[in-house]
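Residue-level listing of the chains:
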Amino acid sequence: MNAHTTYQQSDLMSRLKWVQEHGDLNGATAKRADNLHRLFLYPAMMVPITQSLIIEALLEELPDNALAIDPYMGSATSLMSCMEYGLGVFGQDINPLAVLIAQAKISSFNTELITDSLNELMLCIKKDISNSVNINFPGIDKWFTKQVQIDLSKIRRNIQNIKNKDIRKLFWVIMSEVIRIDSNDRTSTFKLHQRADEDISKRIVDVIGDFEILCKRAILDINLFRDKLDERQLIKNNIYIKPHSICWGNTAEKINSDLKFDLLISSPPYGDNLTTVTYGQHSYLQLQWIDPMDLDYLIDYDYLKSTQEIDRQSLGGRINSKQIAISLSETLNNIPSLKAFYDSLPDTERPLYNKTISFIQDFERSLSVIIRSMKDKAFYVWTIGNRNVNKREIPNDKILIDLMRNNGIELIFNVERDILNKKQSKRNRSSKTMEKERILIFQRR
Ligand SMILES: C[S@@+](CC[C@H](N)C(=O)[O-])C[C@H]1O[C@@H](n2cnc3c(N)ncnc32)[C@H](O)[C@@H]1O
């Protein structure tokens, strides 16, 4: 149902209440084909319908030509929902694969050209009889059988020959999804974890066949999204008519755009990647195969240095115990909810939370970076969950409210949602799977 027609005349609070009471915030009706969502199964993706309902409720409060930002963009679920409503979009992420996925999603709408390129690509791949393997890295034989290496090399060589960069990027992303399903890595965890030998020897995988099927499915999904934009006159010559830009960026340091934004819509990491969701590790095998020439030129670190490097560069990835000792009391004094949590811990347990403190300090730093890029009356829509560390719940929601208040920005709406469709880290030694998260909406008073 279109919420907008139901509450057209009402004020913002009534519209948000309507969404809370009648909207499908849990995503029970979400379709996998929506908004190119299944192009690559990135970890902990938001649910498009949840974000869309919130954006629709906020729409009347936003100026014409409003600009939205997701500074922890992941695979751009939130930004795709913003595009449905004609907002200008900007996103950045520290993970090079997330950036590539988002770039492919927002710029590849010419399905006639994509279909022609696919037909040509498949002909070249099928004619390619070489058995050479074009890449090498430590552990390649552990993660890929010889035949999979040969077939991926055929796909890789022939994608490299395509002239159109946007189309190459789309095919790299689809090849990444093939790697997710056809490598020897288990699909049940985000951490790299090899399948059992018996499973590997029994499995029959058809890399080239899977690639073709997924490309055809992607073309159907792109058509669906393009039609949605077309209906709202948001697309011209196969290009989204509003400003749209995606780049690599480390949000703890800098927003790589000079624009000022009217809306932030994001789900940030809920803790350091290594103990929550290993976004980087989940992208490591794919990034070995993608031509670095097609990744964002801004990337400023060696993302292939180890399986853990992306996660180490991410929020809370590097703990500096000396720094924590110096700054702990200041951090606790600034954040009353964190202080209450920390004070409740037995002395012996406190060191176990150094990683959590380090993550919160990084997040606090990133928040001041983000707020500098926001307009004064901007809305902030954060989806956040309270994860468990060593069997204790970290009050991420209250911490966020404190941090925003420290910047003069107040909570105006707070709603809980059940996590039904968000693909979570199911096996995580230090935190049990979360079942709820909160959508917190803020604005400067
Ligand atoms: C929950 S996901 C984002 C989901 C996304 N907002 C959406 O709508 O689907 C969190 C993301 O934060 C990114 N991240 C972690 N540390 C970062 C940093 N310092 N700068 C930018 N992105 C970072 C991770 O790579 C991951 O993609």
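Residues numbered from 1 in each chain as written. Predicted model: local features only at pLDDT ≥ 70, side-chain atom pairs only at ≥ 80, totals over all residues. Heavy atoms only, no water.

J.: Provide a residue-level description of the packing of helix H15 (residues 336–343) against helix H17 (residues 396–406), including the pertinent values.
T.: Put simply, H15 and H17 touch, their axes get as near as 7 Å, and they point 140° apart. Classified by the angle their axes make, H15 and H17 are oblique. Listed contacts from H17 to Pro 336, Ser 337 and Leu 338 of H15 are Lys 398, Ile 399 and Asp 402. Class assignment for the residues of the contact of H15 with H17 results in three nonpolar, one polar and two charged. (Axes fitted to C-alpha atoms, helices over the stretch in contact; angles between N-to-C directions. Helix = DSSP H or I, 4+ residues; strand = E, 2+ residues; numbered from the N terminus. Parallel < 35°, antiparallel > 145°, perpendicular 65-115°, else oblique. Contact = heavy atoms within 4.5 Å. Nonpolar A, V, L, I, M, F, W, Y, C, P; charged D, E, K, R; others polar.)

J.: Can you break down the packing of aromatic side chains residue by residue, with the values?
T.: Under the definition given, this model contains 12 aromatic pairs. Both rings, one in Trp 248 and one in Tyr 301, keep their centres 6.0 Å apart while their planes meet at 45°; by these two values the pair is tilted. Residue Trp 248 is found in strand S5 (residues 244–248), and its partner Tyr 301 is found in the loop between helix H12 (281–289) and helix H13 (309–313); the two are separated by 53 residues along the sequence. Tyr 301 gets classed as buried once you look at its relative accessible area, which sits at 11%. Judged by centre distance (5.7 Å) and plane angle (70°), the rings of Phe 363 and Trp 382 are edge-to-face. One end of the pair, Phe 363, is in helix H16 (residues 354–371); the other, Trp 382, is in strand S7 (residues 374–384), with 19 residues separating them in the sequence. The burial state of Phe 363 is the same as that of Trp 382; both residues are buried. Members of the aromatic cluster, each reached through a chain of ring pairs, are Tyr 72, Phe 359, Phe 363 and Trp 382. The ring of Tyr 85 carries the charged tip of Arg 232 above its face, separated from the ring centre by 5.3 Å. (Phe/Tyr/Trp six-rings, centres within 6.5 Å; stacked < 30°, edge-to-face > 60°. Buried < 20%, exposed > 50% of the residue type's maximum accessible area, 1.4 Å probe, protein only. Lys NZ or Arg CZ within 6 Å of the ring centre and 35° of its normal.)

J.: Summarise the pairing of strand S2 (residues 88–93); cite the residues concerned and give the values.
T.: For S2, the tally of buried residues reaches six of six residues, placing the bulk of the element in the interior. Residues Gly 88, Phe 90 and Gln 92 point to one face of S2 and Val 89, Gly 91 and Asp 93 to the other, with burial holding for every one of them. Two strands pair when backbone bridges link them, and strand S1 (residues 67–70) and S2 are joined in this way by four bridges, in the parallel orientation. Note on S2: the bridge partner recorded for Ala 68 is Val 89. Considered for its hand, the β-α-β crossover made up of S1, helix H4 (residues 77–84) and S2 is right-handed. (Pairing = 2+ DSSP bridges. Right-handed = clockwise from strand over helix to strand, strands pointing away.)

J.: So what's going on with the pattern of salt bridges? Which residues, and what values?
T.: Under the criterion given, the structure shown has 25 salt bridges. A salt bridge links Glu 198 to Lys 202; its shortest N-O distance comes to 3.6 Å. You can see Glu 198 and its partner Lys 202 sitting in helix H10 (residues 197–202), four residues apart, about one turn around the helix. Residue class for Glu 198 comes out exposed when judged on its relative accessible area of 54%. Its salt-bridge partner being Lys 339, residue Asp 343 comes within 2.8 Å of it at the nearest N-O pair. Placement of the pair is Asp 343 and Lys 339 together in helix H15, with a separation of four residues, close to one helical turn. The class of Asp 343 is partly exposed, set by a relative accessible area of 43%. (Salt bridge = Lys/Arg side-chain N within 4 Å of Asp/Glu carboxyl O.)

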